[in-house]
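So you can see what is in the structure, the chains are spelled out below.
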Amino acid sequence: MSNDLRNFLTIPYDQLEELNLNAKEQRQKRTAAHKVQEDRLKYLTDEKRIKAVTVLFSDLEGRLHMLDYDKKFLLKSWDNLTFDGSSIRGFTAQRESDLRLGIDWGAFYWAPADVFGPGKVLVFGDVIDKGGTPYSADIRGVLKVFADKLYNDEGYTLNAANEIEGFLFQGIDAERRFHETHRFEYVNTGGYYHSLPGDPLRTFIDTTAEVQRAMGFQNEKDHPEVAPSQFEINYNYSEVVADADQIQLYKLICRQVATRMGLTASFLPKPVVGVNGSGMHTNVSINKGGKNLFWDAKGEEKLSKLGWQFIDRILTHGNDICLLLNSSVNAFRRLDPHFEAPNQIKASPTDRGSMVRIPIGNERSMRVEVRSVAPDASPYMVMYSIFKTGLDGDTAKIKNLRQAERYLPDNIYTAMENFRNADWISDILGDDVKGRYADLKQAAADRCPRLLGTFVKAPEVQYHHDVYNQFLWNQF
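Residues numbered from 1 in each chain as written. Predicted model: local features only at pLDDT ≥ 70, side-chain atom pairs only at ≥ 80, totals over all residues. Heavy atoms only, no water.

### Let's talk about helix α8 (residues 240–260)
Here's step 1: Spanning 21 residues, α8 covers 30 Å between terminal C-alpha atoms, matching the ideal 30 Å at 1.5 Å per step.
Here's step 2: Most of α8 is tucked away: 17 of the 21 residues are buried.
Here's step 3: Between the side-chain oxygen at the start of α8 and the backbone nitrogen of Val 241 there is a gap of 3.1 Å, and the oxygen is on Glu 239.
Here's step 4: Following α8 by one or two positions, Gly 262 adopts a phi angle in the positive range, close to 75 degrees. (Helix = DSSP H or I, 4+ residues; strand = E, 2+ residues; numbered from the N terminus. Expected span 1.5 Å × (residues − 1). Buried < 20%, exposed > 50% of the residue type's maximum accessible area, 1.4 Å probe, protein only. Polar contact = N/O pair within 3.5 Å; in protein donor to acceptor, adjacent residues only side chain to side chain.)

See the structure below:
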């Protein structure tokens, strides 16, 4: 059909940024939900050039799902949307399959038409069970309830920011085709901070950064990472649920931009033997009344007592939550100490092999960095487990807890055993969700080789033979 016959919404990037930043400010200020809902419904009604609303939600493992609703239908039925939960991994059984999908009107995004198509807007959804309550396996909803309760009861605002690394490979669907090619091909071999203007990696980073900026991410810096063809695009911290949403959008944007360039953006933690893997370093802090509760000018490393207690609880439960932070077989290929992998259950201001690091900060930026997180983990599970553990977990009576010689598992089977045996996981997830998650991880692990795959010398760039299986059975 000729474009001349269409009149779908397209918005310039500078106007997109203004719209998304205004929506983000409403979210940060916790504008009343009914007021935001009223504003969004009026906007959708008045804007005739919108054809569809894309509603996003995530399954138990963090895999992103998207449904396009015709705008006119959504305006009539937004409060009665249902879907088949039995088709979603980790959700309901077939005999009790119906679930509702609520609209989180505060999590509303205007997206560039040249990347997502004209005439569409995006909004995140809440999964609701038949009784009208948040669905227990929708961890985004669990995180949202947790964060809201802390705000209402304690005045706490949970903040987070992530450093999400990934690889850019030649060709479309390089992960799906790995079983045919048995290799990934770099688009750039320059390494850390090195990329010539106009080369594919730099063009990809620039384009992705432009899209993020337009969607209100408030970018900070971007650059090639240590490994060849590896990238990192950083953005500002946000309230914890908004931050987790942005992680899902970040990966979606990267994949979309890469595909349009005839390339693949991969968030496998360790796709290539012999070079650094990809992590998702997770920086967290807590504010109350505009004050950063992790800052203490007189504290050790300028970190407050609350901050150190937060760290001690993370270290205590490091093995319990490891499977939530590193949810795939491939993630444990990354926890190799030869490549700056954070596999030691200790805290340090300098040692990047530590699970937890205390970066240099000031009154505004003081934070705790949890480094043992893989980029294919569910961001909602990561955020919930870190904050819930850091605030409510136990503190082990281990001598020199912060520097004790303890290590995270080097394979998913040990991680699953720790997970299943952990009473703390039952406390934070409940036995039902804990069991569902463990069963999904067991099924994925059993389809992949337990030990490291064979590989040839590095110049031939041969890769682990578990990568294709991991793509099929785990989230990215």
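And the narrative resumes.
### Focus: the pairing of strand β14 (residues 354–357)
Regular strands have side chains that alternate between both faces of the sheet.
Here's step 1: Inspection of the sheet shows strand β13 (residues 344–348) paired to β14 by three bridges, in the parallel sense. Residue pairing in the sheet places Ser 348 in a bridge with Arg 357 of β14.
Here's step 2: Sheet topology note: the β14/strand β15 (residues 368–370) ladder contains two bridges and is antiparallel. In the strand pairing of β15, Arg 357 is matched with Glu 369. (Pairing = 2+ DSSP bridges.)

### Observations regarding the packing of helix α5 (residues 139–154) against helix α12 (residues 379–392)
Here's step 1: For the pair α5 and α12, interaxial distance at closest approach is 9 Å and the crossing angle is 35 degrees. In this structure, the crossing between α5 and α12 has a hand that is left-handed. Side by side, α5 and α12 meet where Ile 139, Arg 140, Val 142, Leu 143, Phe 146 and Leu 150 of the first sit next to Tyr 380, Met 381, Met 383, Tyr 384, Phe 387, Lys 388, Leu 391 and Asp 392 of the second.
Here's step 2: In terms of residue class, the contact of α5 with α12 is built from 11 nonpolar, no polar and three charged. (Axes fitted to C-alpha atoms, helices over the stretch in contact; angles between N-to-C directions. Left-handed = near helix turned anticlockwise from the far one by under 90°. Contact = heavy atoms within 4.5 Å. Nonpolar A, V, L, I, M, F, W, Y, C, P; charged D, E, K, R; others polar.)

### So, the confidence of the model for the chain
Here's step 1: Here the chain shows a mean pLDDT of 89. Residues at 70 or above account for 89%.
Here's step 2: When the criterion is pLDDT under 50, residues 451–476 qualifies, and its contacts beyond four places in sequence or with other chains add up to 78 contacts. (pLDDT = per-residue confidence, 0-100.)

### Observations regarding helix α13 (residues 412–421)
Here's step 1: Restricting attention to buried positions, one finds in α13 the residues Ile 412, Ala 415, Met 416 and Phe 419. Viewed along the axis of α13, the buried residues span an arc of 100 degrees, placing them on a single side of the element.
Here's step 2: Close packing links the buried residues of α13 with α10 (318–325), α11 (331–334), α14 (423–429) and α15 (431–446).
Here's step 3: For α13, the N-terminal capping position is held by Asn 411, with its side-chain oxygen 3.0 Å away from the main-chain nitrogen of Tyr 413. (Arc of directions from axis to C-beta.)

### A look at a negative patch on the surface
Here's step 1: Residues Asp 394, Asp 423, Asp 427 and Asp 431 make up a contiguous surface patch of negative charge.
Here's step 2: Tracing the backbone shows Asp 394 in the loop between α12 and α13. (Patch = residues over 30% accessible without salt bridge, like charges linked within 9 Å, V, L, I, M, F, W, Y side chains within 5 Å. Areas by Shrake-Rupley, 256 points an atom, 1.4 Å probe, with all protein chains shown as cover. Salt bridge = Lys/Arg side-chain N within 4 Å of Asp/Glu carboxyl O. Lys, Arg positive; Asp, Glu negative; His and termini not counted. Charge placed at Lys NZ, Arg CZ, Asp CG, Glu CD.)

### Regarding the sheet that holds strand β5 (residues 120–128)
Here's step 1: With mixed pairing, five strands are arranged side by side in an open sheet as β2-β1-β5-β4-β3. Of all strands in the sheet, those bounded by a partner on one side alone are β2 (64–70) and β3 (82–84). Geometrically, the sheet is characterised by an average inter-axis angle of 40 degrees between neighbouring strands, direction not taken into account.
Here's step 2: Note: strand β1 (residues 52–58) against β5, five bridges, orientation parallel. Across the sheet, Thr 54 pairs through a bridge with Leu 122, a residue of β5.

### A look at the side chain of Arg 334
Here's step 1: Assignment of secondary structure puts Arg 334 in helix α11.
Here's step 2: Of the buried charged residues, Arg 334 lacks a salt bridge, with Glu 165 as the closest side chain of opposite charge at 5.5 Å.
Here's step 3: With residues near it in sequence (within four places) discarded, Arg 334 still touches Pro 269, Lys 270, Ser 278, Gly 279, His 281, Asn 326, Ala 341, Pro 342, Arg 371, Ser 372, Val 373 and Ala 374.

### Side note on the pairing of β2
Here's step 1: When β1 meets β2, the two strands line up antiparallel, connected through seven bridges. Its bridge partner lying in β2, Thr 54 is registered against Asp 68.
Here's step 2: Counted between consecutive antiparallel strands, the loop separating β1 from β2 contains five residues, among which Gly 62 sits at a positive phi close to 100 degrees.

### Some remarks on the pattern of salt bridges
Here's step 1: The full count for this structure, using the stated rule, is 25 salt bridges.
Here's step 2: With its nearest N and O atoms 2.9 Å apart, the salt bridge here joins Arg 140 to Asp 104. Here Arg 140 is found in helix α5, whereas its partner Asp 104 is found in strand β4 (residues 98–110), with 36 residues between them in sequence.
Here's step 3: The buried category is assigned to Arg 140, whose relative accessible area is 2%.
Here's step 4: For Arg 436, the salt bridge identified is with Asp 432, shortest N-O distance 2.9 Å. Taken together, the residues span about one helical turn, with Arg 436 and Asp 432 both in helix α15 at a distance of four residues.

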